[in-house]
Amino acid sequence: MTVQSADPALYPHALSESTVKTLRRPLFGHVIEGETVPALDGATMPVIDPATGIRTATAAAGTSDDVTAAVRSARTAFDDGRWRLLAPLEKERRLRRLAALLAERADLFGEIDVIDAGLLRGYTTFVVDGAVAGVEYYAGWPTKLHGTIPAVPSEFAVYEMREPIGVIGMIMPWNGPTFVLGFVAAALAAGNAVVLKPAEQTPLSAVLMAELALEAGIPPGVFNVVQGLGETVGAALVTAPEVDAVSFTGSVATGSAIQAAAAARVKRVSLELGGKSAFIVFPDADLEAAATSAAMGVWGASGQVCTAATRVLAHRDIRDEFVSLVLDRSRDLRLGSGFDPATQMGPVVSADQLARVQSYVDIGRAEGAELVLGGERHGDVGFFHQPTVFTGVRNDMRIAREEIFGPVMSVLDFGSEDEAYAIANDSDYGLAAGVWTENLSLAHRASRALRTGTVWVNTYQMVYPTVPYGGVKLSGHGRALGAAALDDLTVPKSVWMKVGS
Ligand code: ADP
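Residues numbered from 1 in each chain as written. Predicted model: local features only at pLDDT ≥ 70, side-chain atom pairs only at ≥ 80, totals over all residues. Heavy atoms only, no water.

Draft legend 1. A look at the side chain of threonine 391. Along the chain, threonine 391 falls in strand 16 (residues 388-391). For threonine 391, a relative accessible area of 12% translates into the label buried. (Helix = DSSP H or I, 4+ residues; strand = E, 2+ residues; numbered from the N terminus. Buried < 20%, exposed > 50% of the residue type's maximum accessible area, 1.4 Å probe, protein only.)

Draft legend 2. Summary view of the packing of helix 3 (residues 88-104) against helix 6 (residues 180-189). Relative to each other, helix 3 and helix 6 sit at 170°, their axes nearing to 11 Å. Classified by the angle between their axes, helix 3 and helix 6 sit roughly antiparallel to one another. Residues Lys91, Leu95, Leu98 and Leu102 of helix 3 lie in contact with helix 6, whose contacting residues are Leu181, Ala185, Leu188 and Ala189. Classifying every residue of the contact of helix 3 with helix 6 gives seven nonpolar, no polar and one charged. (Axes fitted to C-alpha atoms, helices over the stretch in contact; angles between N-to-C directions. Parallel < 35°, antiparallel > 145°, perpendicular 65-115°, else oblique. Contact = heavy atoms within 4.5 Å. Nonpolar A, V, L, I, M, F, W, Y, C, P; charged D, E, K, R; others polar.)

Draft legend 3. Spatial organisation of the environment of arginine 96. Tracing the chain through its elements places arginine 96 in helix 3. As for arginine 96 and methionine 409, which are separated by 313 residues in sequence, their C-alpha atoms are 40 Å apart. Setting aside residues no more than four positions away along its own chain, arginine 96 makes contact with Ala139 and Gly140.

Draft legend 4. Quick look at the site of the ligand. Among the 18 residues in the neighbourhood of the ligand, the closest are listed as Met172, Lys197, Glu200, Ser251 and Thr254. Between the ligand and glycine 230, the relevant distance is 3.3 Å, taken from an oxygen atom to a main-chain nitrogen or oxygen of the residue. Threonine 254 places a side-chain nitrogen or oxygen 3.1 Å from an oxygen atom of the ligand. At the level of secondary structure, the elements contributing two or more residues to the shell around the ligand comprise helix 8 (230-239), strand 9 (245-249) and helix 9 (252-263). A total of four residues in the shell around the ligand trace back to one element, the largest contributor, which is helix 8. When grouped by side-chain class, the residues that make up the shell around the ligand number eight nonpolar, seven polar and three charged. (Near = heavy atom within 4 Å. Polar contact = N/O pair within 3.5 Å; in protein donor to acceptor, adjacent residues only side chain to side chain.)

If you want it as structure tokens, here you go:
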């Protein structure tokens, strides 16, 4: 890795003025009680652009002391009611302002995410638009969160309120940094205070988000950010006694460790843990459309999306034709900077991630799968890997079972409908699945048969803020987006009153 310069003026892409100005900041610190601050001990970590290997910025590297300060601030903000007790309409106004501010600065956030995560600029437009939509959607909720009046014997009156949980520790990954603002907005709409720990690979936009929230009128302390490594800062956030619940998106190993650590204080945990999504192509499908979708479904964000279509199940009758259509769409993909409009696939996020992808390609080869495309690192600058396709994959191979989080597609085949479901469901994961068929009854049968949190039929990777997103099995149990997310962010309280004898 070449660490060249932290000066954005030497940065090789033409950036907007606001991005250049932002990158001139000497430090991307924590945001605690409305102030952007360095780590208490002054420690820092470099921020590396995955497309160039260049160090573009410096972030604070926190310790458990910084977590304590951030959590204390959020706890106080929650307890004194500076946000929680604000009138519902006022909460809505401020959240709408937050959405409007994000929309106004879409270029800044889009460019920052390209630099931080190596995503394509077009993809970060989708990420930022998704965040704006998420904040707009949850901005409408404070006036609509209401309780119920249960039926009880006549000498009593009971009402059930829906209260915020308290301080939510949010630990997030690096594959769509600004998208996280929609999740934060959900927690805030429910009246909670948030301490966000972004991934150490992508610390930049979290600072800007918290500053934006302050500008929108979200009071100081209600949305704090603490930077640093997972094993230190993330782990301290999970166990901090004053954090009431943890919302985590990331790997199974980390999610499982977080759930275990949170159990010591019986904390509520919401987990979104990735997948190995089956993309099932039946013989009557529109093969051209399915092939385009499969290619986008795995090369998009270089395969670093939880719902990536990494396990393609093609019916034997159309397998060869389908694979050839996928290869046509994948062979000449242009790899490069996310800022170049001609680029079709960017790098993976880090040197570690590249090494992980390479190790899985070796595993696939050793397992006897047939490598029909790619298989190598691309170039020697940044962290690029060729789009890679294995055919002849069996479902017991590790490349069919484990989440690689890189541009590697495994193609399996099947003969009957039941066999397709059996293969698709024979997975530790259960996040999402794609079904391609023109047969309506088959589409319904498949949607019922697949054990996943989402099924997409003749489309793939659609998200909309009204629609819950999350998994079953090792893909986790929380729901982001939709009204369902608010169930994870509120707690019912029952109030009994004796009104007669
Ligand atoms: P990845 O392998 O994709 O980086 P992780 O699940 O390790 O996925 O990381 C997702 C998020 O979890 C990041 O913000 C990371 O810092 C954090 N994290 C990693 N390890 C821990 C841990 N032991 N406790 C809490 N958070 C962690």
